[in-house]
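# Chain and residue survey
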Amino acid sequence: MQVDYQNLLSLLYGRTATQIFKSKDLAVIRELIKYQDYYDNKAFNYIEVTNKEYRANNIKDYNPTKIPINFSRKIINKLSSWQFGNGFEFNVTTGSTAQGEELQAWLYDLKEDCKLEYKMLQAAKECNISGGVAIKMLHKEPQGIYFVLSPRLECWPVTDFDNIDDVQKVNFIAWKDEKTIWKQTFEMRDGYCYYFEADYDSDKIDKPKVIIQEGFLGTATNKIPFLPVYIIPNQPDLGEVWGNSELHDLLPIIDEVMKKYSDSSDALKFEMFAITILMNIANLDDKNIQTHAGALWELMGQPDKEPKVTKLESQFAYTESLKTHLDNCERLIYELAEVVKLDSDSVQNLGNLSGVALKLLFANMMAKLDQKNIVWTDVLESMFKQAAEMNNIYSSKKVPLPDDLKLEVTINTKIPTNEMEEVTIEATKVTSNLSSVTSAMDKLGVEDSEAEYDKMLEEKKNLVNETNPYSGQELQVDQPDEGI
């Protein structure tokens, strides 16, 4: 379906889009669609536009080879999984320990009920593809609070002219079908959130066709005093509401790699099935020339001329040059994306890296994720505080929100470690009386280290008793002497 974005934009702003938007603004929309198409492995739709040799047509006797290699999906998924693959945690600090524990328990229940770790992974993918993602927080009975992710292409925030952090209104807009446009608006009015949702006829956007819902969010006695819409940009530049797609600088190189792989496939095809040239053949029209493998030809020459058959084979030695070029391009893709490229060959060549070497190997990617997480944690902390506030507006079961509340969201981005090296270091600390066994176990990620330590002592005690030569007597294990 051909999307008429001029109609969408004029609906958003109540006037024709050309009065507000310049060609560069509409180019942004086309760019967002392009990023999504590359993620969906439709890159050749764009390559064919500027490279006519990849188009199939009736003039050619063959269809050009097109090998779509989805680097875009691999880069996006890897960044997203490294960022949210290990989930996120809450840390609530307040003067009242009981209130803090109650709020923290409620937040973890909310995270589980709404499947937020999975949703954050989806949100990170969208953010990396388009340069941003919007999260809507809503409430309905009997479900309670729930979260909806919206792609950047459907979200149109309106901010204060001088302060982009002051979001005054957010529009969500999309096509329901070929003739119906859906629009949803969140707007601050007199200190409270006004909500409007309606369907429009795509040919008559001056007034709604069907109003789905309208009014202030909240209850009859208690309205929502904030916009429950959270915009998360991807590493935004100064003065930008949205950020930048991770694919922006990669697409030209991705195109080059796909073209060269496709070209080399065609080159291999023509080398394997080289063009055949028949010279000085008489009565060729009467000959039934067989082209299958192993075919025998009986050729009759022209008078005083000997028939001859040759193959057109290329003598261009491009293999090494092509391999070097492709290796350089692929390395550059990962270098610009700041993603570590590891395969079976490179892992074998690395050998047994120390913990310091591993940290250096992943340093750029970890630094990039740390920059992303500064934005993410700031938005998520605000969102979860307001989630508790929304709960107290709608639900009779309140959660504590003390004035000295400090809520921290920690995204678990864990760097690979040399586990054998870490175990050896911790074991040395224990034997040298520099660390306790339980502390070492905690550091190595053992859950409930005290219970695990008690289990180890019990197993050791049973093992000694099984080998006790004095039947009927039980030996005491690891008990200090009481002295003389």
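Residues numbered from 1 in each chain as written. Predicted model: local features only at pLDDT ≥ 70, side-chain atom pairs only at ≥ 80, totals over all residues. Heavy atoms only, no water.

### Some details on the overall build of the protein
- The helix and strand inventory of the protein stands at 14 helices and 12 strands.
- Burial statistics for the protein: of 484 residues in total, 35% are counted as buried.
- Put simply, 60% of the contacts in the protein that link residues at least 6 apart link residues at least 24 apart.
- With the model as given, the accessible surface of the protein reaches about 29,600 Å², and the carbon-plus-sulfur share is 50%. (Helix = DSSP H or I, 4+ residues; strand = E, 2+ residues; numbered from the N terminus. Buried < 20%, exposed > 50% of the residue type's maximum accessible area, 1.4 Å probe, protein only. Contact = heavy atoms within 4.5 Å. Areas by Shrake-Rupley, 256 points an atom, 1.4 Å probe, with all protein chains shown as cover.)

### Some words on the nonpolar core
- Grouped together as the largest cluster of nonpolar side chains are 53 residues, with contacts concentrated most on Phe-88, Trp-106, Met-137, Phe-147, Phe-186, Trp-376 and Phe-384.
- Take this core: its biggest share by element is nine residues, from helix H11 (residues 363-394). (Core = buried A, V, L, I, M, F, W, Y, C linked by side-chain atoms within 4.5 Å.)

### With respect to the confidence of the model for the protein
- Per-residue pLDDT for the protein averages 81, and the proportion of residues at 70 or more is 76%.
- Every residue in residues 15-22 is under pLDDT 50, and counting partners more than four places away or in other chains gives 13 contacts. (pLDDT = per-residue confidence, 0-100.)

### A short note on the packing of aromatic side chains
- Considering all chains together, one arrives at 11 aromatic pairs under this definition.
- Taken together, a centroid distance of 5.1 Å and an interplanar angle of 70 degrees make the contact between Phe-186 and Tyr-195 edge-to-face. When sorted by exposure, Phe-186 lands in the same class as Tyr-195, which is buried.
- Taken together, the ring pairs connect Phe-88, Phe-90, Tyr-108, Phe-147 and Phe-384 into an aromatic cluster.
- The ring of Phe-172 is capped by Lys-136, whose NZ or CZ atom sits 4.3 Å from the centre of that ring.
- The residue whose ring lies beneath Lys-140 is Tyr-146, and the NZ or CZ to ring-centre distance is 5.3 Å. (Phe/Tyr/Trp six-rings, centres within 6.5 Å; stacked < 30°, edge-to-face > 60°. Lys NZ or Arg CZ within 6 Å of the ring centre and 35° of its normal.)

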